[in-house]
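# Per-entry structural report
The primary structure of each chain is shown beneath.
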Amino acid sequence: MFTQWFELNKHDELARTLTYAKIPKHYVWNKDAKMWTPRKLRTSIGRIVYSNPSSGERYYLRMLLNIVKGTRSFDEIRTVYGILHPTFKDACFAYRLVNDDKKWTQAITEATLWATGAQLRELFVTILLFCSVSKPLQLWELNWQALSDDILHKKGKIFNFPDLILTDDQIKNYCLVEIQALLNKNGKSLDDYPELPQPDPSMLTQLDNRLICEELNYNIKEMHTLHESLFSSLNPKQLAIYHQQISPLLLLPGLSSCYPVKRRTFFLYGPGGTGKTFLYTAALAKLRSERKIVLAVASSGIFIP
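These notes cover the structure that comes with them. Being a predicted model, the structure only gives us computed values, none of them experimental.

### Considering the packing of helix H6 (residues 102-111) against helix H7 (residues 117-130)
Packed helix pairs are characterised by how far apart their axes lie and by the angle those axes make with each other. Where H6 meets H7, the closest approach of the two axes is 10 Å, and the angle between their N-to-C directions is 165°. Of the possible angle classes, the one that applies to H6 and H7 is roughly antiparallel. For the element pair H6 and H7, the recorded crossing hand is right-handed. Every residue of H7 that contacts H6 at Trp104, Ala107, Ile108 and Ala111 is listed here: Leu120, Leu123, Phe124 and Ile127. Tallied by class, the residues present in the contact of H6 with H7 amount to eight nonpolar, no polar and no charged.

What follows is the structure in C-alpha cells.
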C-alpha cells in the first residue's frame, strides 16, 4: 500500500496534494489489483500505524508522513527544501519536527554539581529509557567525562594501584560497561541504541590484568618528550642502528618497511661509554610513548664459545 502510494503520486494530480494519511479519504485500496483507485462511495478516515520512538527510523518516517505530500520515492521523503538528507531523522530535524537534546545535557550538567559518577550514569540511562533522545551519540560525547568521573579512582582501588593511569579510550570503555550493566537491569542493552559505541572486549581483557596495567602506567607525554630529546642527540652510528634494527619493531611512519615484523633478537655490544644505554633508553621511550609493553632485561653475561 505504501509503495503504491508513490506510484499513485506519479500520475494523479489530486493525490500529490494529499498526505499519506489523507489518501483513504479520496482513494480505496484494491486488494486484487494491488493499487489505489478513486473512491466512489462513502468516505474513510486514514490512520498511520503507531510507532514507538525507540523504533528508530520507522518512528521518524511516520512523523514525516504527517506533513509530506506527493512524494514518489523514499528519497523524496528525505528531501527537505531541495536537500536530500541521509536519514529520516535528519529530515525531521530539517523540518524542525524534533527538538535538540540540550535539555538532557543541561539536566546532566546540573546534576554534576552534587551527583557522583555512578549517579550520573543512572541519570543518563534513565534519560535513554524514558525520554525522547534524538541523538544519543551526541549526548554521550558531550557528557562522557562527567559520567566517568569516578572510573579512574574506582579501578585504582580494584587493582590496588593508586597511581593507575588510563587513557580516555580506556576510561570510556569502562564507563560503557557500567552503562551496559544498568541498561541490562532494565531489560535493555547498548544494542538497542545503535548510535552509541560498544565496549571493546579485548581492551577489557587487557585492562583487568593488573600486571599489564602496571607496565602501561607511563606518562605518555613525558615518554614522548624524552624520546624526542634522546633521538635528536643520537650520533650517526647510533642512528644507523636505530633505523636498521630497532625502528622496524617500532613501526615508525616514513621508514622502510622491508623488515618483516616478527620475533627478532638483536645483540648490541661495544666498550663502555659508547652509548649503548643511551640508545636503548631512546628506544624504550618511543615504545612506551605508544603505550606498548616493553621490559628492559640484561643478559647473564656468560660467554658460550
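Back to the write-up after that little detour.
### Some remarks on the nonpolar core
The biggest cluster of nonpolar side chains holds 27 residues, and the ones touching the most others in it are Phe124, Leu139, Trp140, Leu147 and Ile179. Counting only elements with at least two residues in this core, the list comes to H6, H7, helix H8 (136-147) and helix H10 (168-185). The leading source of residues in this core is H10, at seven residues. Setting aside residues up to four positions removed in sequence, Leu147 forms contacts with Gly117, Leu120, Arg121, Phe124, Trp140, Cys175 and Ile179. Ranked by size, the runner-up nonpolar core spans 23 residues in total, among them Leu8, Tyr60, Leu64 and Val68.

### Side note on the packing of aromatic side chains
A full pass over the atoms with the stated rule returns twelve aromatic pairs. With 5.8 Å between their ring centres and 40° between their planes, Phe2 and Trp5 make a pair best called tilted. Taken together, the positions of Phe2 and Trp5, both in helix H1 (residues 2-11) and three residues apart, correspond to about one turn of that helix. Note on Trp5: relative accessible area 0%, which makes it buried. Between the aromatic rings of Trp29 and Trp36, the centroid separation amounts to 5.5 Å while the plane-to-plane angle is 65°, which identifies the pairing as edge-to-face. For Trp36, a relative accessible area of 7% translates into the label buried. Of the aromatic side chains, those joined through ring pairs into one cluster are Phe2, Trp5, Phe6, Tyr20 and Phe74. In this structure, Arg78 is placed above the aromatic ring of Phe88, and the distance from its NZ or CZ to the ring centre is 5.9 Å. We note Lys172 situated over the ring of Trp144; from NZ or CZ to the ring centre the distance is 4.8 Å.

Definitions and cut-offs
Residues numbered from 1 in each chain as written. Predicted model: local features only at pLDDT ≥ 70, side-chain atom pairs only at ≥ 80, totals over all residues. Heavy atoms only, no water. Axes fitted to C-alpha atoms, helices over the stretch in contact; angles between N-to-C directions. Helix = DSSP H or I, 4+ residues; strand = E, 2+ residues; numbered from the N terminus. Parallel < 35°, antiparallel > 145°, perpendicular 65-115°, else oblique. Left-handed = near helix turned anticlockwise from the far one by under 90°. Contact = heavy atoms within 4.5 Å. Nonpolar A, V, L, I, M, F, W, Y, C, P; charged D, E, K, R; others polar. Core = buried A, V, L, I, M, F, W, Y, C linked by side-chain atoms within 4.5 Å. Buried < 20%, exposed > 50% of the residue type's maximum accessible area, 1.4 Å probe, protein only. Phe/Tyr/Trp six-rings, centres within 6.5 Å; stacked < 30°, edge-to-face > 60°. Lys NZ or Arg CZ within 6 Å of the ring centre and 35° of its normal.

Distances and angles like these do not, on their own, reveal function.
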